[in-house]
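For reference, the chains in residue letters:
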Amino acid sequence: MTRFFLSVYDYFSSRKSLLFTLLLVLIAVFLGLASQVRFTEDISRFLPADKTNERINRAYRYVTSSNKITIYCAATDSTDREQQMRAVDAFVERLQTATDTTQVKHILYKIDPAEMMSVALFVVENMPYYLDDDDYRRMDTLVTREALARQLEIDRNILTSSAGMMVRQHLLADPLQLTANLMRKLRDFQAGGRFDLYQDYIFSDDGQALIVVDCAIPASETSANKYFLKTLNACMRETEKAFDGISFHSFGAAEIALTNAGQIQRDTLLSSLFAVVIVLALLIFTFRDGLKIGLIFASVTFGGLFALGLMHLIRGEVSIIAVGISSIMFGIAINYPLHFIGHHGSVPNSRFVIKDIIQPLTIGNITTVGAFMSLIFIGSDAMCDLGWFASLLLVGTILFVLLFLPHLLSHRGRKPASSHAPFGRFVDRPFEKNRWLVATIIVVTVLLAFSGDESHFEADMRKINYMTDTQQQEYERMRGLLNDHHHVLYYVTEGDTPEAALTANEESLAGLQELLTAGEISKIGGIGHFLPSRSEER
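Described in the following lines is the structure provided in the data block. (Residues numbered from 1 in each chain as written. Predicted model: local features only at pLDDT ≥ 70, side-chain atom pairs only at ≥ 80, totals over all residues. Heavy atoms only, no water.)

## Details of the overall build of the chain
And step 1. When helices and strands are counted, the chain shows 24 helices and eight strands.
And step 2. For the chain, the proportion of its 538 residues judged to be buried stands at 37%.
And step 3. For the chain, the proportion of contacts with a sequence separation of at least 24, taken over those separated by at least 6, is 79%.
And step 4. Accessible surface for the chain amounts to roughly 31,800 Å². Of this, 60% is attributable to carbon and sulfur atoms. (Helix = DSSP H or I, 4+ residues; strand = E, 2+ residues; numbered from the N terminus. Buried < 20%, exposed > 50% of the residue type's maximum accessible area, 1.4 Å probe, protein only. Contact = heavy atoms within 4.5 Å. Areas by Shrake-Rupley, 256 points an atom, 1.4 Å probe, with all protein chains shown as cover.)

Right, dumping it as structure tokens:
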């Protein structure tokens, strides 16, 4: 390896114009490739991407509201629901005008009574499919003379009341209320018990009207959601101006994803700038030579372009979080030009410097790159991005140091500045001979070894997302409305065919019912008896 790099150095020593042309071409190529890299702020890329997790994520997308945004319409006078309903109508009209089907699939803010009645009639018409032994035992008590007279009297009273027109069709289809128990089972589909209807509009128990927007844009596509949420907020603000005492606020996965993306970008920029400032300050304090400092940063910059350019060819899409974490690699990569320039100050001949340091430099680079390359075998896209970017950054930097940096340094001898700088004098001190310092380090190490058992990793995956204080409050409020602050566990059954999946679901219900009876769980929701397998139908 030493002979190879020395021969390359000798070849370009008499062909400087060819060398600099090659350097400019490489920079242009890597810059062009790096500009095409697609950055993603999706924090879920850190989760394992194996087949099991793919199945979980697929099921999660189907059963959760990941693409829904809930909008709350509040009034200063919470008893004035008419004002809220007019505001909701105006807002929905504005949103429908400002968006299209590529942004919004559906807006739910009213419940159609005809749809509710059609569900009830469907259950009545297909009643035999849904009845179980308990239902038949209950029906035996409804066909006695006394029970028939009592139920018909109730039906007559309902039909002659103001609600008679709405339930007339259902009462005529099931006058004995044989399906009453089945109707109660429909509550298994209910999201929560803290909602009510007023003139078909949905209200929460604290008097706020609810609007649910089903977005067509996935929550992970933050760039498209940024424009959509801007439109959504504009519609809310315009409606607030048109109605006195009305205020709107929203909450959804798309908003959290956008907040995460913004925070990640700010954190990445801040951490990178902080690292650059610290390193630059140390270099100025140590070298006090603008050319050397510029060459050190040029080496690392070339390594960064090299890494991003090849990342476009290898990965295409890169996690910006992984790139932000990889900013710590610049501290490692900067050691390569630092060693070369520092040695060059004592031996102002680039050929001799290459010969002296190439072996320890390349061995250290290979071991470090190998350590980070091991990350690409982890079943996580973001960790794979981290491994590739960190490894390529180190490779690109050392190639610049060994191929181009020797020709950019002056060959005039100069006493190393670091030997006179305060920082150089500080690091040259024999700290290992200071007994008090060594004893202190040993004592601190022992104390930290004993206290290390008290450290633990965060196990709550819900905290992986960043949320503002307002979003955290809205999240807790929504949990209260939907689940009464209970943790929701989704139990999914699978099968090679829909029939096999339904059979597996029915077999699991017995075990879940035992947990419900034992008080381990508070509620079971799902398709229950309303989509039975063929064996259950028979």
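There is more to say after this.
## Description of the environment of Thr362
And step 1. Positionally, Thr362 belongs in helix 17 (residues 350-373).
And step 2. For Thr362, a relative accessible area of 9% gives the class buried.
And step 3. The sequence separation of Thr362 and Met1 amounts to 361 residues, and the corresponding C-alpha distance is 9.0 Å.
And step 4. Discounting residues that sit within four places of it in the chain, Thr362 has contacts with Met1, Ile398 and Leu402.
And step 5. There is a polar contact of 2.6 Å between the side chain of Thr362 and the backbone oxygen of Ile358. (Polar contact = N/O pair within 3.5 Å; in protein donor to acceptor, adjacent residues only side chain to side chain.)

## Focus: helix 21 (residues 435-451)
And step 1. Here helix 21 is 17 residues long and its end C-alpha atoms lie 24 Å apart, about the 24 Å a rise of 1.5 Å per residue gives.
And step 2. In this structure Asn434 caps helix 21, since a side-chain oxygen of it lies 3.2 Å from the backbone nitrogen of Trp436. (Expected span 1.5 Å × (residues − 1).)

## Comments concerning the pairing of strand 6 (residues 209-215)
And step 1. Across the seven residues that make up strand 6, a large majority, six, are buried.
And step 2. Inspection of the sheet shows strand 2 (residues 68-75) paired to strand 6 by six bridges, in the antiparallel sense. By the bridge assignment for strand 6, Thr70 is matched with Val212.
And step 3. In this structure, strand 3 (residues 104-108) lies alongside strand 6, joined through four bridges in antiparallel fashion. (Pairing = 2+ DSSP bridges.)

## So, unusual backbone geometry
And step 1. You will see that Gln199, though not glycine, has its phi angle at about 50°, which is positive.
And step 2. Tracing the backbone shows Gln199 in the loop between strand 4 (195-198) and strand 5 (201-204).
And step 3. Of note, the phi angle at Asp200 is positive, near 75°, even though the residue is not glycine.
And step 4. Turning to its location among the elements, Asp200 is positioned in the loop between strand 4 and strand 5.

## Section: the pairing of strand 4
And step 1. The sheet contact formed by strand 4 and strand 5 spans four bridges and is antiparallel. For Asp196, the partnering residue across the bridge sits in strand 5 and is Phe203.
And step 2. Linking strand 4 to strand 5, which pair antiparallel, is a turn of two residues; within it Gln199 sits at a positive phi near 50°.

## As for the packing of aromatic side chains
To describe a pair of aromatic rings, you give the distance between the ring centres and the angle between the ring planes.
And step 1. Tallied over the entire structure, the rule returns ten aromatic pairs.
And step 2. Measuring from centroid to centroid gives 5.3 Å for Phe302 and Phe400, while their planes differ by 40°, and the two rings are tilted. Of the two residues, Phe302 is situated in helix 13 (residues 290-314) and Phe400 in helix 18 (residues 381-403); the sequence distance between them amounts to 98 residues. Each of the two residues, Phe302 as well as Phe400, counts as buried. (Phe/Tyr/Trp six-rings, centres within 6.5 Å; stacked < 30°, edge-to-face > 60°.)

## Digging into the environment of Glu317
And step 1. Residue placement: Glu317 occurs in strand 8 (residues 317-319).
And step 2. For Glu317 and Arg38, which are 279 residues apart along the polypeptide, the C-alpha to C-alpha distance reads 4.7 Å.

## Comments concerning the packing of helix 13 against helix 18
And step 1. Running from amino to carboxyl end, helix 13 crosses helix 18 at an angle of 135°, the nearest separation of the two axes being 7 Å. Compared by their axis directions, helix 13 and helix 18 come out oblique. Considering how the two elements wind past one another, helix 13 and helix 18 form a crossing that is right-handed.
And step 2. Grouping the constituent residues of the contact of helix 13 with helix 18 by class yields 18 nonpolar, five polar and one charged. (Axes fitted to C-alpha atoms, helices over the stretch in contact; angles between N-to-C directions. Parallel < 35°, antiparallel > 145°, perpendicular 65-115°, else oblique. Left-handed = near helix turned anticlockwise from the far one by under 90°. Nonpolar A, V, L, I, M, F, W, Y, C, P; charged D, E, K, R; others polar.)

## Let's talk about the pattern of salt bridges
And step 1. One pass over the full model with this rule turns up seven salt bridges.
And step 2. Measuring nitrogen to oxygen at the nearest pair gives 3.9 Å for the salt bridge that ties Asp214 to Lys68. Pair noted here: Asp214 is in strand 6 and Lys68 is in strand 2, with a separation of 146 residues, a long-range link.
And step 3. The class for Asp214 is buried, based on a relative accessible area of 19%.
And step 4. Overall, Lys68 belongs to the partly exposed group, its relative accessible area being 30%.
And step 5. The closest approach of N and O atoms between Arg315 and Asp385, which form a salt bridge, is 2.8 Å. (Salt bridge = Lys/Arg side-chain N within 4 Å of Asp/Glu carboxyl O.)

## Some thoughts on a nonpolar patch on the surface
And step 1. The grouping of Val438, Ile442, Val446 and Phe450 at the surface amounts to a nonpolar patch, some 390 Å² of accessible area in total.
And step 2. In this structure Phe450 comes out as exposed when scored by relative accessible area, which is 66%. (Patch = residues over 30% accessible without salt bridge, like charges linked within 9 Å, V, L, I, M, F, W, Y side chains within 5 Å.)

## As for helix 5 (residues 113-125)
Because an α-helix completes one turn every 3.6 residues, residues spaced three or four positions apart along the sequence face the same direction.
And step 1. For helix 5, with 13 residues, the first-to-last C-alpha span of 18 Å sits near the 18 Å given by 1.5 Å per residue.
And step 2. Those residues of helix 5 lying buried are Met117, Ala120, Leu121, Val123 and Val124. Down the axis of helix 5, the buried set is contained in an arc of 155°. They therefore lie on one face. Relative to its buried face, helix 5 has exposed residues pointing more than 90 degrees away, namely Glu115 and Glu125. (Arc of directions from axis to C-beta.)

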